[in-house]
Amino acid sequence: MTTVVARPAVLPQSGHPLGSPWPASARAGAHGDLLVGGVGLAEAADRFGTPLYVLDEQEVRTRARAYRTALPEAEVLYAAKAFLCSAMADWVGEESLGLDVCSAGELRLAVAAGFPAHRILLHGNAKSPEELRLALRLRVGRIVIDSLAEIPRLAALTVARSPQAVLVRVVPEVAAGHHPAVRTGVGGQKFGFPVRGGDAAEAVRRVLEQPGLRPAGLHCHLGSQITEVEPYLTAVDRLVDLLAEVHDRHGVELPELDLGGGHGVRYRPGEPELDLADFARRVPDRLAEACGRHGLAVPRLLVEPGRAVAAPAGVAVYRVLTVKHGSDGRVFAAVDGGMSDNPRPALYGSKYAVRLVGRATDAAPHPVDVVGRHCEAGDVLVPGALLPADLRPGDLLAVPAAGAYQLSMASGYNLVGRPAVAAVDRGRARLLIRRETVEDFRTREVGR
Ligand code: LLP
């Protein structure tokens, strides 16, 4: 069983190598329960059913605030793709973060929730004409240009008297991130313009030609789940070289530099995470130094953390449905969720911690494969988890660091339906998103 390591409540990103993946509010409760945000997970499971995603509001807020405090001069935009709902938009908005969205859906939800459009930045390698029109109509703060074709397409919808601020997404040739599928800082993938070979410089030149576009700066996103600061420093150097080239050629100093997100968190006790304090010290220093070398004014820094704000605030709670003891000693504990609410283990081989909650036991830990309920042998959530040997149907299992890229990538596989989401805060729980039912699936059917 994974033990809960107490952490300081105020500074979640202390960079402590032996830190915990659980929210800072996690405390042992009575009868083997675990309290998050002052709410017992077993109690929440009883009240809202399982699988249940519990979101610790204060963990999200504290993490958002930690970014604002660590990087007071920078603009911090929460990457909505990690997880977005109206409450999440409220929390990050109230903590003075901006929002990075990558679809009309994310954009519409945020604006409908009351998020100010001028603090929203729109991404995407394939924005539809409707998405571009919507972004302009809602007056989003910035649009990130990702292809040459997008430049005249966007410019055709804008007018010189109210130009749209744009960033040009470049590929700095920096390899970083937890899986090849999320490494976007290198060539040979679909995003951005390579710095090498002149594509990025050409994109900037074409933006400068458009009176309806205001070139605000450069953007890059290296990858995800990066736990070292060095890749960001290399990216700063390469982007500043390009800023200098733009200045030399066109006499223009671009005022913004967006380093994207990718800040790593810990999924299991003792894993490293990106040290925010170290990032906040070294990245602005490096930016100032590189700009000084080229005689450039220092652009404003933008960062887009998604996972680092949302993941540690989420805990997934499952109920064990069956425990199968094989003759070879192997034990499979099947829970009522799986790859439809968390595709990350199947997609990327992501590793998670898991613990029993809601029942005290002295049984010795035993290796158990925690598997999902879906019709695939690959539906394994946590292989080889150490769980009490007396694990049985009806038990509750909790998985930490579940707040990012699980719900946002959840699917309708097997018509199981996506789980409910409850917020916990200072001893109170409230439902944010109800469980998806078969009626929801049927409602979308309009013919037969
Ligand atoms: N900015 C841009 C342009 C991005 O593409 C992303 C993530 C972020 C910011 C936020 O990255 P974060 O700080 O959350 O790492 N589904 C994968 C992650 C894909 C991330 C895609 N882009 C996973 O579950 O690990």
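Each chain has its residues counted from 1, running along the sequence as written. Note on the predicted model: pLDDT of at least 70 is required for a residue's local features to be given, and 80 or more for side-chain atom pairs to be given and counted; whole-chain, interface and lining totals, by contrast, use all residues. In computing side-chain values, all of the structure's heavy atoms are included and hydrogens and water are not.

**Observations concerning the sheet that holds strand β1 (residues 27–28)**
Which entries qualify depends on this criterion: A pair of strands is considered paired only if DSSP assigns at least 2 bridges between the two. Put simply, DSSP marks the helices as runs of H or I at least four residues long and the strands as runs of E at least two long, and each gets a number from the N terminus on.
Pairing is antiparallel in the open sheet, where 3 strands are placed in the order β1-β2-β3. The sheet terminates laterally at β1 and β3 (39–40), the two strands that pair on one side only. Sheet topology note: the β1/strand β2 (residues 34–36) ladder contains 2 bridges and is antiparallel. Opposite Ala28, over in β2, you have Leu34 as the bridge partner.

**Some thoughts on helix α4 (residues 104–112)**
This is how the line gets drawn: Relative accessibility decides the category of a residue: with a 1.4 Å probe and only protein chains considered, values under 20% of the type maximum give buried, values over 50% give exposed, and everything between is partly exposed. What the arc describes is the spread of directions from the helix axis to the C-beta atoms. Any two residues having at least one pair of non-hydrogen atoms within 4.5 Å are treated as being in contact.
By the burial criterion, the buried members of α4 are Ala104, Glu106, Leu107 and Ala110. One side of α4 carries all its buried residues, which in axial view fall inside an arc of 165°. The elements touched by buried residues of α4 are β6 (98–101), β7 (120–122) and α5 (129–138).

**Observations concerning unusual backbone geometry**
Put simply, Thr50 and Pro51 share a cis peptide bond, and its omega is -10°. Along the polypeptide, Pro51 turns up in the loop between α1 (41–48) and β4 (52–56). At Glu173, a residue that is not glycine, the phi angle is positive and equals roughly 60°. Owing to a relative accessible area of 26%, Glu173 belongs among the partly exposed residues under this scheme. The backbone of Arg426 sits at a positive phi, close to 45°, despite the residue not being glycine. Taking the relative accessible area as the measure of exposure, Arg426 reaches 67% and is therefore exposed.

**Some points on the pattern of salt bridges**
Defined as follows: Salt-bridge detection follows one rule: a side-chain nitrogen of Lys or Arg within 4 Å of a carboxyl oxygen of Asp or Glu.
Counted under the stated rule, the structure contains 33 salt bridges. Residue Arg286 pairs with Asp237 through a salt bridge whose shortest N-O separation is 2.8 Å. Taken together, the residues Arg286 in helix α9 (residues 276–294) and Asp237 in helix α8 (residues 230–250) connect sequence positions 49 residues apart. Arg286 gets classed as partly exposed once you look at its relative accessible area, which sits at 25%. Ionic pairing is found between Arg330 and Asp369, a salt bridge with its closest N-O pair at 2.6 Å.

**What about the domain arrangement of the protein chain?**
Where interface size is given, it is often the accessible area lost as the parts come together that is meant. Which entries qualify depends on this criterion: Boundaries of every domain are those given by an automatic assignment or by a domain database. Throughout, the accessible surface (probe 1.4 Å) given up by two parts as they are put together, summed over both, is called the buried area. Under the rule applied, a polar contact is a pair of N or O atoms within 3.5 Å (in protein, one hydrogen donor and one hydrogen acceptor; residues adjacent in sequence only if both atoms are side-chain atoms). In this count, Pro and Cys sit with the nonpolar residues alongside Ala, Val, Leu, Ile, Met, Phe, Trp and Tyr, while Asp, Glu, Lys and Arg are called charged and the others, Gly among them, polar.
What the domain assignment lists for the protein chain is domain 1 (27–55 + 311–442) and domain 2 (123–305). Between the C-alpha centres of domain 1 and domain 2 there is a distance of 37 Å. Facing the 10 residues of domain 1 at the interface are 9 residues of domain 2. Carbon and sulfur atoms make up 65% of the area that domain 1 and domain 2 hide from each other, which totals about 810 Å². Interface area lost by domain 1 to domain 2 is led by Arg344, Tyr348 and Lys351, which between them contribute 50%. Applying the counting criterion to the domain 1 and domain 2 interface returns 0 salt bridges. Connecting domain 1 to domain 2 are 0 residue pairs in polar contact (both at pLDDT 80 or more). In the side of domain 1 that touches domain 2, the residues fall into 8 nonpolar, no polar and 2 charged.

**Focus on the packing of helix α2 (residues 57–70) against helix α3 (residues 86–94)**
A pair of packed helices can be characterised by two numbers: the angle between their axes and the separation between those axes. Counted only if it meets this: Lines fitted to C-alpha atoms define the axes here, with helix axes fitted over just the stretch in contact, and angles between the N-to-C directions of these axes take values from 0 to 180 degrees. Whether a crossing is left-handed or right-handed is set by the direction in which the near helix is turned from the far one by less than a right angle, anticlockwise for left-handed and clockwise for right-handed.
In contact at an axis separation of 9 Å, α2 and α3 are set at 35° when each is read in the N-to-C sense. Once α2 is placed against α3, the crossing between them reads as right-handed. Residues Glu57, Val60 and Arg61 of α2 lie in contact with α3, whose contacting residues are Met88, Trp91, Val92 and Glu94. Residue composition of the contact of α2 with α3, grouped by class: 4 nonpolar, no polar and 3 charged.

**Looking at the site of the ligand**
The condition is simple: Throughout, the term near means that a residue has one or more heavy atoms lying within 4 Å of the molecule or strand in question. The Shrake-Rupley method, run with a 1.4 Å probe sphere, supplies the accessible areas, and residue values consider only the shown protein chains as cover.
The environment of the ligand is formed by 21 residues, the closest being Ser224, Gly262, Glu304, Arg344 and Tyr405. In the model, an oxygen atom of the ligand is placed 3.0 Å from a nitrogen or oxygen of the Gly306 main chain. Contact with the protein chains covers 91% of the free accessible surface of the ligand, which is 580 Å². For the shell around the ligand, the class distribution of residues is 6 nonpolar, 9 polar and 6 charged. Domain assignment of the residues forming the shell around the ligand places at least three in each of domain 1 (27–55 + 311–442) and domain 2 (123–305).

**Considerations on the packing of α4 against α5**
Basically, it comes down to this: Note on angle classes: values under 35 degrees are labelled roughly parallel, values over 145 roughly antiparallel, values of 65 to 115 roughly perpendicular, and the remainder oblique.
Where α4 meets α5, the axes come as close as 10 Å, and the angle between the chain directions of the two elements is 25°. Taken as axis vectors, α4 and α5 run roughly parallel relative to one another. Like other packed secondary-structure pairs, α4 and α5 cross with a definite hand, here left-handed. Mapping the contact onto sequence places Ala104, Leu107, Arg108 and Val111 in α4 and Glu131, Leu134, Ala135, Arg137 and Leu138 in α5. The residue makeup of the contact of α4 with α5, split by class, is 6 nonpolar, no polar and 3 charged.

**Some remarks on the environment of Ser162**
Counting through the fold element by element, Ser162 comes out in the loop between α6 (150–155) and β9 (164–171). Judged by its relative accessible area of 33%, Ser162 is partly exposed. As a C-alpha pair, Ser162 and Pro400 span 238 residues in sequence and 46 Å in three-dimensional space.

**A look at the pairing of strand β14 (residues 314–325)**
Where β4 and β14 come together, 4 bridges link them in antiparallel fashion. In the strand pairing of β14, Leu55 is matched with Gly314. Note that β14 and strand β19 (residues 396–399) share 4 bridges and pair antiparallel. When the sheet's bridge partners are listed, Val317 is paired in β19 with Ala398. In the sheet, β14 pairs with strand β15 (residues 331–335) via 5 bridges, with the strands oriented antiparallel. Paired with Val323 across the bridge in β15 is Ala333. Between β14 and the antiparallel strand that follows it, β15, lie 5 residues; Gly329 among them carries a positive phi value of about 90°.

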